[in-house]
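Descriptive analysis of the structure
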Amino acid sequence: VAVVVGLILPANFSTAALLGFSCFVVLFVGRVKFKYLLYFVGILIAMLGIYMTISIMIAKSNPEFHNRALTWVNRIESFVGKKGEGDASKSENDYQILHSKIAIAEGGIIGKSPGKSTERQTLPNIFNDFIFALIVEEYGLLGGLFVIMLYLILLYRSVVIMMKIPSSFGGILAFGLTFNIVLQAMANIGVAVGMLPVTGQPLPFISMGGTSLLFTGISFGIILNVSSEIDKNNKKNDEIEQTVESGD
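Residues numbered from 1 in each chain as written. Predicted model: local features only at pLDDT ≥ 70, side-chain atom pairs only at ≥ 80, totals over all residues. Heavy atoms only, no water.

Next up on the list: the overall build of the chain. A count of helical and extended segments in the chain gives eight helices and zero strands. Ordering the α and β elements of the chain from the N terminus gives α-α-α-α-α-α-α-α. Relative to its full complement of 248 residues, the chain shows a buried share of 33%. Contacts in the chain between residues far apart in sequence, at least 24 positions, make up 59% of those at least 6 positions apart. With the model as given, the accessible surface of the chain reaches about 14,700 Å², and the carbon-plus-sulfur share is 67%. (Helix = DSSP H or I, 4+ residues; strand = E, 2+ residues; numbered from the N terminus. Buried < 20%, exposed > 50% of the residue type's maximum accessible area, 1.4 Å probe, protein only. Contact = heavy atoms within 4.5 Å. Areas by Shrake-Rupley, 256 points an atom, 1.4 Å probe, with all protein chains shown as cover.)

Turning to the side chain of Thr178, a few remarks are in order. By the secondary structure assignment, Thr178 is in helix H7 (residues 168–192). Look at Thr178 and you get buried, because its relative accessible area is 0%. Separated by 2.8 Å, the side chain of Thr178 and the backbone oxygen of Ala174 make a polar contact. Residue contacts for Thr178: discarding those within four places in its chain leaves Leu154, Leu155, Ser158 and Ile223. (Polar contact = N/O pair within 3.5 Å; in protein donor to acceptor, adjacent residues only side chain to side chain.)

Attention now goes to the packing of helix H6 (residues 131–164) against H7. Where H6 contacts H7, the axes come no closer than 9 Å and their chain directions differ by 160°. Compared by their axis directions, H6 and H7 come out roughly antiparallel. Where H6 crosses over H7, the two elements pack in a sense that is left-handed. Split into classes, the residues belonging to the contact of H6 with H7 amount to 20 nonpolar, four polar and no charged. (Axes fitted to C-alpha atoms, helices over the stretch in contact; angles between N-to-C directions. Parallel < 35°, antiparallel > 145°, perpendicular 65-115°, else oblique. Left-handed = near helix turned anticlockwise from the far one by under 90°. Nonpolar A, V, L, I, M, F, W, Y, C, P; charged D, E, K, R; others polar.)

Structure below.
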């Protein structure tokens, strides 16, 4: 986990963080001893702290070498409000969040109806990173809650699969993939409503994009394949019961 997350970290901090947290939850669900999980988190936090400190120091002296580190700092400082009101980077970082909140506020309870969004002309990346704001503006609070409910139902169904399937590996695999999809969705929604710094995470199955849709679809296919094992196992048990009854 540390190696894979470490390779992703320099290019995309948010993806690395979400993947690392998903792996931690899978380890917890997989009944890894809690003390080992604490060791894992402690080592990961220490390594992350050292890496970010060195990266920021290098980026400040040589921005071209690792400019992503400065992007992390700017986004976090903008989110917590440490930059001045006249700071250009703060204005740039807050622009998307501001118009996302405007879109959500204008949506109200039932929304403006499909195709009548006004913020789609103003808000950058509205079909990718801020698609949830567009949904709420056009379909209102009810539409936003419906989208969130769909993801929660998907997570609940993965728990049902994990409890019913005879294979521990299959159950944990299905839950892990589903949890990663739902976590990514919650991160996207959190950014749209201003609860999280801008991360650039798409909304699975909804945001425009090819790579995200492709790999989310692959994950969903694996989940369906695992769930099909439940039906096969039930049929096998029924056949055994029928054989025993006919023998009696």
